[in-house]
Amino acid sequence: NKRNKLLLKNRVLRARTILWCAGIKPNQVVKESRLKLKNGGVLVNGALQSASHYNVFAIGDCAFLVNNNFDKSFSKNAHNSLKQAKLVARNLKNWLTDKELKTFKPSRYKGFVRLGSDFAVFYYKNLVLQGLLVSRIYDFLLKRKLKVF
């Protein structure tokens, strides 16, 4: 049965579709769930599917995707979270239609990080740029809906 339900310690949440969006750390609901966790995040496989509940997917700060080289999670940044969101949308469709799930490939060497309205950091391999100008470039790219890595 592919009905969605989130099992909590004291209750069951049922819904046709469950999408949970949170801030920079997993919500208390994640901590209270029966999902297998690692360092506070839902332990997921390469398809971003829960290691303990095949019908649950997690992304961003709520997910813990193991980097086998270090037994640590891959970088949790906005760029990877956006890529994860797109992949999970595709994987949900594939899962519901019994098609093969795609594997997440994180970006480790490039990205933008917004730190307030007038400050951002851009990093690419060993190059790091920061400040107001980087923030304005980031805004320019987003407003034009250009692919930001």
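Fair warning: this is a prediction, and the values are worked out from it, not measured in the lab. (Residues numbered from 1 in each chain as written. Predicted model: local features only at pLDDT ≥ 70, side-chain atom pairs only at ≥ 80, totals over all residues. Heavy atoms only, no water.)

### Brief notes about the overall build of the chain
Looking only at helices and strands, the chain has three helices and nine strands in total. Going from N to C terminus, the chain has its helices and strands arranged as β-β-α-β-β-β-β-α-β-β-β-α. By the burial criterion, 34% of the 149 residues in the chain qualify as buried. With the model as given, the accessible surface of the chain reaches about 10400 Å², and the carbon-plus-sulfur share is 55%. (Helix = DSSP H or I, 4+ residues; strand = E, 2+ residues; numbered from the N terminus. Buried < 20%, exposed > 50% of the residue type's maximum accessible area, 1.4 Å probe, protein only. Areas by Shrake-Rupley, 256 points an atom, 1.4 Å probe, with all protein chains shown as cover.)

### Examining the sheet that holds strand β9 (residues 127–131)
The antiparallel open sheet is built from three strands, whose spatial order is β7-β8-β9. Looking at which strands have only one partner, the edges of the open sheet turn out to be β7 (110–114) and β9. Direction aside, the axes of adjacent strands within the sheet are offset by 10 degrees on average. Where strand β8 (residues 120–124) meets β9, five bridges bridge the pair, whose relative direction is antiparallel. Within the sheet, the bridge partner assigned to Tyr123 lies in β9 and is Val128. Here helix α3 (residues 132–143) sits on the sheet in contact with β7, β8 and β9, set at roughly 105 degrees to β7. (Pairing = 2+ DSSP bridges. Axes fitted to C-alpha atoms, helices over the stretch in contact; angles between N-to-C directions. Contact = heavy atoms within 4.5 Å.)

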